[in-house]
Each structure stands twice: as C-alpha cells, then as structure tokens.
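Listed below, chain by chain, are the residues.
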There are 2 protein chains.
Amino acid sequence: MNYVKGKNELKNWVVSESSFNTNHLGKCEAIMCLGNGYMGVRSSTEEKYLKETRDHFVSGTFNKFDENEVTELPNIGDFTALEILLNGDRLDLEKGEVKNYSRDLNLKTGLITREFNWTFKGVEYHFVSRRFVSLKDLNLMAIEVAITPINSDAKISISSGINGQVSNSGAQHFHEGEKRIYNKKFVEMISTTTTSKIDFIQMTTHKIKLASKELHINPELNMDRRKVSVIYDVDVKAGVEFKIEKLCSVNTTRDLVHIDRDLKEIRTYALNQLENFEKVGFDTLLEASKVEWNKKWDAIDIKIDSAVEFDQLSIRFAQYHLIAMTPAHDSRMGVGAKGLSGEGYKGHSFWDTELFLMPFFSYTMPEVAKSLAKYRFETLNGARKKATDNGYTGAMFPWESAWKDDGEVTPVWGAVDIITGKATKIQSGFIEQHITCDVAYALWQYYMVTKDEEFMENYGFEILFDTAIFWASRLEWNSEKNEYHINNVIGPDEYKEHINNNAFTNYMAHWNLNLAIEYYSKIKSEKPAVFNTLNEKLDLDSNLKVWKDKSEKIYLPVPRKEDSVIPQDDTYLTKEIIDLTKYKNQEHVGSLFKDYSLDQVNNIQVSKQADIMVLFYLLENKFSTDVKKANWNYYEPKTLHDSSLSLSTHCVLASDMNDKDMAYDLFRRASEIDLGPNMKTSDHGIHAASLGGIWQCIVNGFSGVRMLGGELRIDPKLPENWNEVSFPLNWHGVNLKVTVDKEVLTVVRNSDSDVEVKFTVHGNEYILDKKIEIKY
Amino acid sequence: MNYVKGKNELKNWVVSESSFNTNHLGKCEAIMCLGNGYMGVRSSTEEKYLKETRDHFVSGTFNKFDENEVTELPNIGDFTALEILLNGDRLDLEKGEVKNYSRDLNLKTGLITREFNWTFKGVEYHFVSRRFVSLKDLNLMAIEVAITPINSDAKISISSGINGQVSNSGAQHFHEGEKRIYNKKFVEMISTTTTSKIDFIQMTTHKIKLASKELHINPELNMDRRKVSVIYDVDVKAGVEFKIEKLCSVNTTRDLVHIDRDLKEIRTYALNQLENFEKVGFDTLLEASKVEWNKKWDAIDIKIDSAVEFDQLSIRFAQYHLIAMTPAHDSRMGVGAKGLSGEGYKGHSFWDTELFLMPFFSYTMPEVAKSLAKYRFETLNGARKKATDNGYTGAMFPWESAWKDDGEVTPVWGAVDIITGKATKIQSGFIEQHITCDVAYALWQYYMVTKDEEFMENYGFEILFDTAIFWASRLEWNSEKNEYHINNVIGPDEYKEHINNNAFTNYMAHWNLNLAIEYYSKIKSEKPAVFNTLNEKLDLDSNLKVWKDKSEKIYLPVPRKEDSVIPQDDTYLTKEIIDLTKYKNQEHVGSLFKDYSLDQVNNIQVSKQADIMVLFYLLENKFSTDVKKANWNYYEPKTLHDSSLSLSTHCVLASDMNDKDMAYDLFRRASEIDLGPNMKTSDHGIHAASLGGIWQCIVNGFSGVRMLGGELRIDPKLPENWNEVSFPLNWHGVNLKVTVDKEVLTVVRNSDSDVEVKFTVHGNEYILDKKIEIKY
C-alpha cells in the first residue's frame, strides 16, 4: 500500500493502492468505500476473490432477521461484481502477470480509478475501471470497465447484473421479489426486508462501446435464484478498447421522496429515472457528482503545511468519509459506527456520533449537525420506552440506536469466553448509560456553537429536560454516605462492567441536571410559550425541585490526596495490577482476551480506552492541569487503546497539557487506525469516530478550539513539524477562516453577517471585525 | 479428469480426479458426494475456492424461507472447510506448484482420499486427507488431514469448526442458536430452521498428532456470527507428519431416535456420542463404516465383463450413489432428484423415485423400496388435500414432494422468458398430473416383485384405490366424441404445456382404474377384512361402478394408419417442424431457450424427453414392435434429451427393439451424464434418476428383465462388446443370481426359500430349482 499519491493539483488528494494483494482486500474495500449518505458501497474489485466482503447499504433501511437478533442495515443485492472472461478465462490477478497496477480513490471527486496490464496465456490486456456513487443523484452508482487486448484479438465476455444471493454474514434480510428485464436492457430486481417490510427496487442497465462507438447488441438474459443478469459476448480486435458502462440505481419505500408512492409507482419512477441516467451517460453523471463534491470541499477544506505530507492526506481522508457516510438528507437516520463501509456494528449509532462526529459538523456543516441532533429527537419515544422498561422516567437513550422506532438494539451475545466456552454476554445495552448525557452534551454544544434557537425550541430543550428527568430517576440514595450514587454501570472504559460511581458518568449526570436547572430559568423568562408547552408535557415545575435537590447530593469522586488520581470508579484502584507490556505492544486490538476472560479483565487495572480523559475534555475547566497530568500518568499506561475512540481523545488532552510531541504522536497513531500499515484494522469497516477524532486532534487539539460555557476559545499548540494549518469554522452562523502558524493566529470573517464574534486566546479576549492577527 | 482408476482388487472401484482444476469444482463436489441416507455432504476441498458450492444436507429436514418460497432441504453449518496456513500462507493450489495430485472416491468403502505435494515459497509439503460419512453411525462424518513439510521446518496453523454463515443460494433457513465450546475441545452449534422449527445440534472435536503421537494442546477459541471454531498453531520439523483428525456429528429434533427427547436431552446425547466417537478414533470408526458398505455391496454388486472398463465403474458409481442418497432409515422421507448432492430441485421427490429408483430397490433391496413406497403413504393426506383444492376427489400426488405434510411444493417461477423479460411460470405443480399413476405403478411393481402382502394390506391397496378415485374424478366428458378426455396437462415431455389427451397420461390413468377394478374383486374375496376397512374408508362399492363405467370410455390414442405414429397429444403432430440439428448437438442441455421462449417451444414439434417411450416401457405388451419402431423414428429425432430421464428409457426401448448398438450407445451416453467429459452437468448435484436408469439399462435393458402382468421375464440382449454380466435379483423374496453371457442365461437360487420361481425367456417358461442354464 502506498496511501500518498497524486501529483500537482491532486497532491494529497488521492488514497492509492499501488500493488494488488488479496490479503488486503478488506482494507481497500473499506477505506475506499464510496457513498453519498443515502447509500454506501464497499469498493470490492470488479472480479471476485475468496476473501472479499461485498457490501452495499442504504441508510436507515434497518431490518432484523428474527426475534432473537437485533436490527441491522441489510446488505442489498450486489451490482459491483462482473464476471469478466477473456478468451474464456476468468480475469484473476492471482494468475498470470500483473503490471502497472494502481487503484486510486480521488477524495476530491469521489471517483475510484483502477488500472493495470494483465498478461495471461500470452495475451496482454490493458484494464481501466472507474466507479462512483453520485453525490448529486443519490440513487445512482456508476461503473465503467474498459479492456483493450494489446497484442492479439480477444473474445471478451461480461456477465453483469444484480446478485441478491448476498447476506449479512449469513443473515438474509430479504424476501425474494420479482425480477424483470425490460426490453433486454433495463434489469430490475425487487426485494423486501423480512420484518421491516421495506421494498427495494434495484435496477441496472449497460452500454457497450468498441473504440468509443456504441455497439447495439442484445445480451443473453439470465435469471437465477435471487439473481438476474445479462451476458455480453464481443470479439475485440487487438488494440481496440472494449468498454462497458453500467449504471445502477436503488430506490426504496423508506425513501422520504417516495413516502406517498406505492411500489408500483416507485417502480415506474425508477425505470424512468434509469432511462434518463442512461440518456445522460456516465461522463456527464460523473461531472454532476464532482460539482457537488467541490461544493462540500469548499466548505470544509483544511490545509496543513507539515513536514509530513501524510498529515494533509489523513484529514482529507477523514473528511471524505464523514461526508460519504452521513445521511444528511434524512433526519430520521443516524450515522453508523462504521459508516456505510461494513457490517461491523450493524449500522448502529453510538455515542460516537455525539462526541466524535457532531463537533466536526457543528463547527463546519451545522445543517448536518442539526439533522443528526434531530435524529435523537426522532428516537425520543424509544428512549422513553427504554426508561420505563427499566423502571425509570424521562429519556434513557439506547446504547445502540438504529431506526427511530427500534429502541435499544445492542446485541446481547459477543465473542467467546475462554473460560466457560460460552459466548460473552454484552452488557452495554443494559448498563452503559452515559450515552444519555452524551446526547445532551452534543446537543448543547451544537446550540452554543450555532445559536440555533429554532431547533432548540422545537426539539432541543425537550431532550435537555427529559434527559435530566432520566438522571434524576436514575440516582440511587446511599443512606450510609448521605449522597446519590449511580451503581452498576459501564463507563466509557468498557473493560469494567457492573461498576459503581464511574467518575465520567456521575460528573456528566450532574452536569446534565444542572444544565436543565439553568435552562428552566432561562426559557421560562425568555421563551415563555416554549416553556409552557414543555412544562405541560414534562412537568418541569415539579422536576425542577427534584433536580435541585438531587444534583447537589450526587457523589462526585475527587482526586486522592496522595497522588491526585481520581478513582475511575469505586473499585478500579483496588484491583490487581499486572504487566501489560505484551498488550500495549499488540499487533491487533483485543489481544488481552486470548489470555483472559472478561470476568478476569474486570478485576485487573486495565482499560480499553479513554474514560476520565473524556471527562477532562468535556468539562475542561473543572480540573487543573496538575490533576489531568497525574491522572494521565496513572491511567494511560493501563489503557490499551483497544477502542478507536481512545487515541484522538488522548491527543487532544496531550495538547491541552501542552505536550506537543506526545499529542502529535497520538495524532499520527489515530490517523493510522484506518490509513496505517496494519492491513486488517478496517476489515469490518472504517472507524467513524476515529475519523471525527482526526478532525478534533487538529481543530480542538493542535488549534485549541473549544466551546467553554458557551464561549469560543482558541489556544493554538501547533506541532513542531507543522508550519501552518488553516480551517473553516462556523460560530453563531458566521463563517470564519482560522489560520494558525508557528506564531500567529489569524481569524478572518468569511461571511457578510454582522453577528459579533468574540473569543479568547490564551486568556485574552478578542472581538473580530473582518480579520484579526494575534501573536499567540 | 480420469474417472477410471484403482488397481488389483480396487480395479473399477475408484472414481478419480487426477489433476486439480478449479473449473471442475462442482463436478467433483457432486459426483464424489458422501452420504449415508441420513445426511449427504458435497465433497468440497479442505481449502476454499471461489466457485465452490459447499453443501451439507440432512434428509427430511425441510424448511421454507418464507411464505413465497417452497420448502427445501436447508444447507447446514459447514464442517468441511479448514483454513490451513503453512508458514502463514493459505494453502491454495492455484498458487505455487502442485505435483502428484489425486483425489479418489473409493466406491467400495465410501472413503475419499486426496493427496498431493505442494511447493510454495521454497517449502514442499506432502498433503493427504481422508474423509467419510459413516454408514454405521449415521450422525458421523470424519475428516483427517495430514501435512508433512518435506524440506524445511514449518509453522502449521489450522482453523476449523462449524460455519453457519452458509445458505441455500442466499436463502438462510436457520435461526442462529447457542454456540459453545466444552472443555476447549467439543465445539457445538445449535440452530433452528425458521419455519419448520427443527433444531440442529452440530458438534465437532479435533485431535492433533505429530509423527502419529497425540499432542495435547489448547487451541485458540473463536466465536463469530453463526460461526464457532478453534485454531491450532503447531511448529513442525522437516519430515515430521502433522495430522488433524476432525470428527463431526449432526443430530436433529426431526430424527426418529430423538422423537421423545427435548433439545436439552439431545444436546447431552450428542455430547456423549461425540465423546465416544473421540475415544474410538478415526481409524476404527472408518472400519465400522467399511463393514456396512461391504454388506451393501454383497447384496447389490453387478459384475460386467466388457471391452470397456468404464461400464463396470459406471454401474458401481450409480449404485454407490443410490445407497448414499436414500434415507432407508426413515420412511417419512423420500429421495431428492439430486439425492443429497446439491441444491438442485431443493431435495424434492419427483416421479423419478417411482420410475427410475424403485425398480433397483424393488429388485435388489426390497426393504428400501418398501420405505420409499411407505413415504408416499405418509404423504397421502397432502395428496388428498391437493385433490380437494383442485376440485377432485381421491389422492392427487404432488408433482414435487418434500416433508410428508408439505403437500405440493413445486416452485412457481423459473428461468427468464427471453421475450417478456419476466420469469417463466412453472406449470408442473398444477398440471403435470401423471405422477399419480406413476406412484400407483411403482407400488404395484413393488408388490408383484416382492409379494409383500403385509405392506399392501396396511398401505398399498389404499393408495391403489385412492389414485383410481382421483383419476375417475379427473376425467372430463366430451359429449361430442362420447368419451372421456384428460385436458390441460403436461405429460412426461415438459416442453408441451396445457395439452389435451397426452397419450402417456391417458393410457396410465386407464391402467390405474383397471388395476383398482382388478384388486377390488381380488381383495374382496381373498382379504375380506382389509376390503371392509378400505370400503368403509373409501366407499369402494360405489367407486367400482364409476371406475368400470369411466375406464371403458377413456380416449386412448391409437397409431395413425399412414405411419403408425401415436399422437403424443391432440396437437403435437400439427405443430411446426424446425431444424433441430443445432440443439441435438448442443454442449449444454436447454440451449433451445436461448433462442425460443417456452411459449414458442410449445408450438414446435420438439420434445424434452421420452414420453410415449415411457408408455411403451411400462405397458410393453400393449404395443407391437412395429409401432414402437415407427414412433421411435418419429419422436426420437425431435427429442433433445434435455432431461436426464430420457436416455436410459430410450436405451431400454432400443434393447426391446433389439437394436443392440443403439442401446449400448444410449447406455454410454446415460452413463456420461454425471461421469462424462462435460464438467458442468453435475454442478447442482448428481442425477438420481439417471443413476437408477443406468441400473435399468443393464438389468431391464441388456438383460431384458421385466415384470409383466405379475410374471418375471428375462430376455437377454447383451451388447456386442460385453462378454458377461451378472447381478442379484430378488423375486418373491428369493435371492437370485442372474448371469448372462453371449449365449447362456444362468439363474441361481441364492437363498434357502422354497418359494417357486417361474420365469419366461424369449417366450419359453422355466421353473427354477437350484440353478438353471438356458441357452437363449
């Protein structure tokens, strides 16, 4: 792999695979995944290989296979595999000789180009394929394959269509529906999810060209079980380019645009749509998609002048995927922990969205952040039901969230327990409860960054209050200590189950209650109509008393006298300490479980990921730098970073503590989770939170941007080998351009708005007119 | 491929693959399929390849994926794929260098041995694997893999377990159940069919040996979705043999032996059973299975002295599969059209069983024939329901039959119609009705051959009468011609749909009615108790009048004056005649449909398979040799033999007409359907009926054995290049050994019974004492 490629204007815009190796199929499928928020397609090669994972997902189309499973994004019929026979032999790069191989994902345009020369049985073929998922036409994916036999005539046969024999690792989410080939040209397959009853209309059509001239031939037609395809057989002269253009479309009955249409109407719509695509053609469709990508990049582009070129690529890579994976078109849908790039985590949304993705969107694409925040509002009924089911009140958000009505969807069974030989029971869906304050926090952050009063009035305040109601009902009175405890939880560190008083959870619950108290007064006086509606709905008046009483009595663990270490929970510090060297140096995450069962891990001072560090990051002003350092020194050596959420948080914290080398090192390691030398990390999909984390390292970490108590702070700590970084920033609806070099912070107002922009830099307050340069 | 192998005592007992080619995976998987009637396993290689089809079926465990599909045999979790890493590289014969490759299925013992040397990255490995499905312990399959690094030490890693991510071409029949690894040794996976709710308990355990000495090491344990496995990593010195023995068991809640056990009890049973297998070990388990195979071969072996060695192999191949595929242990189950060797025809039973498999069993393993006949009795309720649903009375057997309660299970949609672009509607389940007289015929043949009065009294007569009741209700009065017609059917020739008065169907319905009339009188006088019971149940007295009245008035097409051709149906002879040369010389069956839609084929004088020929075969004495010849000359040139049921029937007919060369040629072609040079014919499974047909070619064709009106006839017509054939024959419970050489027919009585054995040879009647030699 050689990730850095692209010359001149494409420099650091291209993720590239420079030689082909079937051991790395999963890596490229995931990191080169194409998407437009509506759908995502793993970039499997045109020809099939044994270890491929060929996935295609449509956002929000969740289904569960049976009552014992949880809902997941179903893998729809595959368009991408073409059976390519060259003189009767299957194109297979494990055979013959391959020269000049490259596969490039252009992050700027969302286009994949794959090119090589293949020599087999004495005939050399030049192969070029292009593929994109349109950012303009959300239903469209387009594939083009061009093959030129160089030194001899050749018989080229292509079998292509829609293959619905795929599944999610064996779980089949679709009833087989009607298959049809209209006019020997437009191939259609209908399928319906088994329990959520979403109809999918998949269509495809092909155009054949010889030396750029369209060839009008009838293909052989094929239907098999869950499969429909056509075969084109063409005799091609030496030196002549054979080309097949394949346009593919997906429509579903879940699509907002089809909400008033029945299946028959959508089928007609889809057929007309594909006929139109076919008239427009591959190249023009591609141009239209590029225009949309350009608009996005204009709004979000970050420029880094670093001694290490890879730094620039890694943020573009992250932002490309953040755009490609996020269903910005439909607020009924969240973002999956693997985006749309793999079956991992089943397309479910976690706190990853709130703490790792929302900051990027709130600060640069607030309309997308709003959609994601609204998604949680859409799921409020499920959250209320979860609270009620667990004996609480208010809104208890699901640890894993899927379709808005699905409620809690965390699976119950995980990997093998090496002691009992049984599957391990996953407790997160039951007791990892901090998600509820994470939702409140991200919402408040969105509000503070954007000042979107309309959103808060219609959706946001209701969530803020209802999460506080949950926490008040969740607290447990300890009569011995005369304080409220939160027992039997999992904190961010998932290697500690059934613990009491996780510091992060207790502090954030406390914060959530106080936020509700604060906004009770504020909106009562400033927005009486909103207040009255919510008061009627949630009885804020009675709840206020409870919040005030209880929030004062929550146990908030404080630093130990002797070493300033805050106990992560009631028992962590009493547990056995073992030599973790082997696991700190592990090649693959989770190696601990080859030696220990989860029960055993529970009793060792070892952490999966940032826990107290996240607390320091969110409630920065509550803790001194000394306390932060003491806790870093205690916990980091015990943290295996087995979660991809860990490194970027540590990077931001290291920046906050002014340890630039450590911060930069952690940034590099975070960047390499997906785009690094370990070829196995992305097999189940890219790491959405880690990609959002890369943005956070740069903006919240190195550039020191933070919203604190509603105010903007910019305390740059540029890494030693960076000369400059610049990025867009949205504050209260104003587009800012922020540039940080070794000595000077420059902030430029990029929009016409006359909203006042105020911020602090290393303790000094500044007010922005058009442009300000601050020597920091 | 080199099918003929085996030296000395193994001569013509071995089906062999002498070089490896991934284009031929399906062929070997199917023709080397292992089975014991309880289960069948396609012989996929230990290492995985792209185009493999890894199927494992358990007889009778039908399930349907959803309401729109028909029931089928589900593909259960796979045991056979082992991930074998040699110095970190996956064993893959498409890479590196392969020498001395062989894969042999020993038909005598049911053991597959695969052997080769593989050199990769400078290290040469000797590989030998053995695999069998036990004919003794029906739940058991055993696999052994031995690898010796020849010229260097090597790191060998084997990942092995149970993989439930498989499906039936995308249809997933199982709910995922509990997975468990007991004592790091006994791997268990529970799964349950989605609609028929059959629990499967699959278990496996491994034993590792180095230089024949057991190595006690703990493997790494793995659980994934629908998957559980263990990994053994072993460092192996050059020249030392590494061996892994894998014992696998399947138990289900459908098994007769578990009928009174709940799932928990069966799990305990299965664990104990596997622990016992493990104690006994691979070699001893294999010996026990061989003993059972020997017993079978003693009972059925046919010896052929032919100039062509392949002839001997082909009948053994056929008989091996007839044993392996047939669920002789459970009369609730039928035989699938592809046995247990592939997903083709979904494990369903067709008329193939009655007309192509039952003769072999009736004449040589009558207890198995009885089980198959009883299977139809078990399905009587479904047959009666089908009659009622269609407005008829009596028993209307389903064209495709699965679990006894499933009723008609013919799928409704087939291949693409090239004109409309829609899937073709399959009519057989609605109108291919001759299956009902085929069942009656096979039953009667079983009775006549075995004289099994007990079976007839308890089951057989009820079927005979109820099928007659059906036919009487099915007949349609034509007032113009004053006769009964049978309109809108499909005859054996499935290229003619919605036809009236198919000769085969009309004659056989007539025969069925007359048989009922005959047995009405016979059992009324000879078995009054049986008669009274059935008379009460089916009102035989009233029905008798109807049968007599109607059977006399059925239209039975007669040979045309001008050319003695019998119209296959009312319109066949009026249809267009086209040049069929291209399709008669086709490489793959069904090529006609690349040029014509089924609607068009319906209007051409072209036949899929034997139709009137089957009538000549079953009701031999009704037609003169001249009529048979005239019809052969008319219909055979129009018959594409697109069904595997066609060639063997034609072979027997050619023998009957004394055309020895034609008969032998047809036998060879029939033998080559599975065991021939075309490597694609068996991809979806072997052709059960064709294998039964090979036996018929030899016994009913070349040896001229026939039951006619209850009497045995043996009119030998030995092929020119055969010197002798000998075979066992069961007649009225007496074991006979029949030997035919160029001039003499020898019949020997092999059992002590004093039952009189009478037969005719070329018109002369003989009575057998101990041995008789007849110059024929």
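Described in the following lines is the structure provided in the data block. Worth saying up front: this structure is predicted, and the values here are computed from it rather than measured.

Definitions and cut-offs
- Residues numbered from 1 in each chain as written.
- Chains lettered and ligands numbered in written order.
- Predicted model: local features only at pLDDT ≥ 70, side-chain atom pairs only at ≥ 80, totals over all residues.
- Heavy atoms only, no water.
- Helix = DSSP H or I, 4+ residues; strand = E, 2+ residues; numbered from the N terminus.
- Rg over C-alpha atoms; globule rule 2.2 N^0.38 Å.
- Buried < 20%, exposed > 50% of the residue type's maximum accessible area, 1.4 Å probe, protein only.
- Contact = heavy atoms within 4.5 Å.
- Areas by Shrake-Rupley, 256 points an atom, 1.4 Å probe, with all protein chains shown as cover.
- Pairing = 2+ DSSP bridges.
- Least-squares fit on C-alpha atoms with pLDDT ≥ 70 in both.
- Salt bridge = Lys/Arg side-chain N within 4 Å of Asp/Glu carboxyl O.
- Phe/Tyr/Trp six-rings, centres within 6.5 Å; stacked < 30°, edge-to-face > 60°.
- Lys NZ or Arg CZ within 6 Å of the ring centre and 35° of its normal.
- Lys, Arg positive; Asp, Glu negative; His and termini not counted.
- Polar contact = N/O pair within 3.5 Å; in protein donor to acceptor, adjacent residues only side chain to side chain.
- Buried area = accessible area lost by both parts, 1.4 Å probe.
- Nonpolar A, V, L, I, M, F, W, Y, C, P; charged D, E, K, R; others polar.
- Axes fitted to C-alpha atoms, helices over the stretch in contact; angles between N-to-C directions.
- Parallel < 35°, antiparallel > 145°, perpendicular 65-115°, else oblique.
- 1 Å grid on protein atoms, 1.4 Å probe; cavity = no way out; pocket = protein on both sides within 12 Å on 5 of 7 lines; lining within 4 Å.
- Points joined across faces, edges and corners; volume = space filled by probe spheres on them.
- Disulfide = S-S within 2.5 Å.

A few words on the overall build of chain A. Along chain A, the regular secondary structure elements total 20 helices and 32 strands. In terms of C-alpha radius of gyration, chain A reaches 27 Å, essentially the compact-globule figure of 28 Å for 776 residues. Its C-alpha atoms put chain A at 85 × 60 × 55 Å along the principal axes. Sorting the 776 residues of chain A into buried and exposed places 66% on the buried side. Of all intrachain contacts in chain A linking residues separated by at least 6 positions in sequence, the fraction that spans at least 24 positions is 67%. Accessible surface, chain A: about 27,300 Å² in total, of which carbon and sulfur atoms supply 47%.

Residue and element names in this part refer to chain B. Side chains of strand β20 (residues 303-306) alternate between two faces, with Ile 304 and Ser 306 buried and Lys 303 and Asp 305 left unburied. When β20 meets strand β27 (residues 722-731), the two strands line up antiparallel, connected through 4 bridges. Within the sheet, the bridge partner assigned to Ile 304 lies in β27 and is Val 725.

The next point concerns the relation of the copies chain A and chain B. Superposition record for chain A on chain B: RMSD 0.0 Å, screw rotation 180 degrees, translation along axis 0.0 Å. The operation mapping one copy onto its partner corresponds to a two-fold rotation axis.

Here we come to the pattern of salt bridges. Working definition: two side chains of opposite charge can pair if their charged atoms are close together. Residues and elements named next belong to chain B. Tallied over the entire structure, the rule returns 124 salt bridges over all chains. Close ionic contact of Arg 560 with Glu 562 constitutes a salt bridge, the shortest N to O distance being 3.5 Å. A relative accessible area of 25% means that Arg 560 is categorised as partly exposed.

With that out of the way, let us pick up the packing of aromatic side chains. For the coordinates displayed, the defined rule picks out 86 aromatic pairs over all chains. Taken together, a centroid distance of 6.0 Å and an interplanar angle of 85 degrees make the contact between Trp 351 of chain B and Phe 356 of chain B edge-to-face. Considered together, Trp 351 of chain B and Phe 356 of chain B belong to a single accessibility category, that of buried residues. Ring pairing ties together the aromatic residues Tyr 345, Phe 350, Trp 351, Phe 356, Trp 399 and Phe 504 of chain A, which thus form one cluster. The ring of Trp 13 of chain A is capped by Arg 316 of chain A, whose NZ or CZ atom sits 3.8 Å from the centre of that ring.

Further remarks concern the side chain of Asp 55 of chain B. Residues and elements named next belong to chain B. Turning to its location among the elements, Asp 55 is positioned in the loop between β4 (39-41) and β5 (56-58). As a buried residue without a salt bridge, Asp 55 has its nearest oppositely charged side chain in Arg 42, at a separation of 4.3 Å. Reaching out from Asp 55, the side chain makes a polar contact with the side chain of Asn 75 at a distance of 2.9 Å. When near neighbours in sequence (up to four residues on either side) are disregarded, Asp 55 contacts Gly 40, Val 41, Arg 42, Asn 75, Gly 342 and Glu 343.

On to the interface of chain A and chain B, then. At the interface, 43 residues of chain A touch 43 residues of chain B. In total, chain A and chain B occlude about 3,600 Å² of area from one another, counting both sides; carbon and sulfur atoms represent 49% of this. At the junction of chain A and chain B, the tally comes to 12 salt bridges. Between Glu 83 of chain A and Lys 51 of chain B there is a salt bridge whose closest N-O contact spans 2.5 Å. The interface formed by chain A and chain B includes 17 residue pairs in polar contact (both at pLDDT 80 or more). For the side of chain A that touches chain B, the secondary structure elements donating two or more residues are β13 (174-182), β17 (220-224) and β21 (413-416) of chain A. Top contributing element to the side of chain A that touches chain B by residue count: β13 of chain A, with 6 residues. The residue makeup of the side of chain A that touches chain B, split by class, is 12 nonpolar, 11 polar and 20 charged.

Residue and element names in this part refer to chain B. Here we have 3 strands laid out as an open sheet, ordered β3-β4-β5, and antiparallel in their pairing. Each end of this open sheet is capped by a strand with a single partner; those strands are β3 (34-35) and β5. Judged from the 2 bridges that link them, β3 and β4 form a sheet pairing that is antiparallel. Each bridged residue has a counterpart across the sheet, and for Leu 34 the counterpart in β4 is Val 41.

This part covers the sheet that holds strand β26 (residues 711-714) of chain A. Residues and elements named next belong to chain A. Read across the sheet, 4 strands follow the order β25-β26-β30-β31 without closing on themselves; strand pairing throughout is mixed. Every other strand in the sheet has two partners, leaving β25 (705-708) and β31 (764-768) as the edge strands with one partner each. In this sheet, neighbouring strand axes are inclined to one another by 35 degrees on average, regardless of whether the strands run parallel or antiparallel. Bridge count between strand β30 (residues 757-761) and β31: 5 bridges; the pairing is antiparallel. Paired with Thr 760 across the strands is Glu 765, a residue of β31.

Let us look at the packing of helix α12 (residues 528-538) of chain A against helix α13 (residues 540-552) of chain A. Residues and elements named next belong to chain A. Two elements in contact, α12 and α13, have axes separated by 7 Å at closest approach and are oriented at 75 degrees. As far as their axial angle goes, α13 and α12 are roughly perpendicular. Residue-level inspection shows Phe 531, Leu 534, Asn 535 and Leu 538 of α12 in contact with α13, the latter providing Leu 540, Asp 541 and Asn 543. A class-by-class count of the residues in the contact of α12 with α13 yields 4 nonpolar, 2 polar and 1 charged.

Attention now moves to the environment of Tyr 441 of chain A. All names here are of chain A. For Tyr 441, the location among the structural elements is in helix α9 (residues 435-450). Judged by relative accessible area, Tyr 441 falls into the buried class, the value being 5%. Sequence separation between Tyr 441 and Asn 512 is 71 residues; the distance between their C-alpha atoms is 7.6 Å. In this structure, Tyr 441 is in contact with Leu 355, Met 508, Trp 511 and Leu 618, ignoring residues within four places of it in sequence.

On to empty space enclosed by the protein. By the definition in use, this model includes 17 cavities of 30 Å³ or more. Quantified by volume, the largest cavity comes out at close to 140 Å³. Taken together, 14 residues line the largest cavity, and the ones lying closest to its centre are Leu 50, Asp 92 and Glu 94 of chain A together with Leu 50 and Glu 94 of chain B.

In this section: the state of the cysteines. Think of a disulfide as a covalent bridge from one cysteine sulfur atom to another cysteine sulfur atom. All told, the structure shown has 0 disulfides over all chains when counted by the stated rule. Cys 651 of chain A takes part in no disulfide bond, and the closest cysteine sulfur, belonging to Cys 697 of chain A, lies 3.4 Å away.

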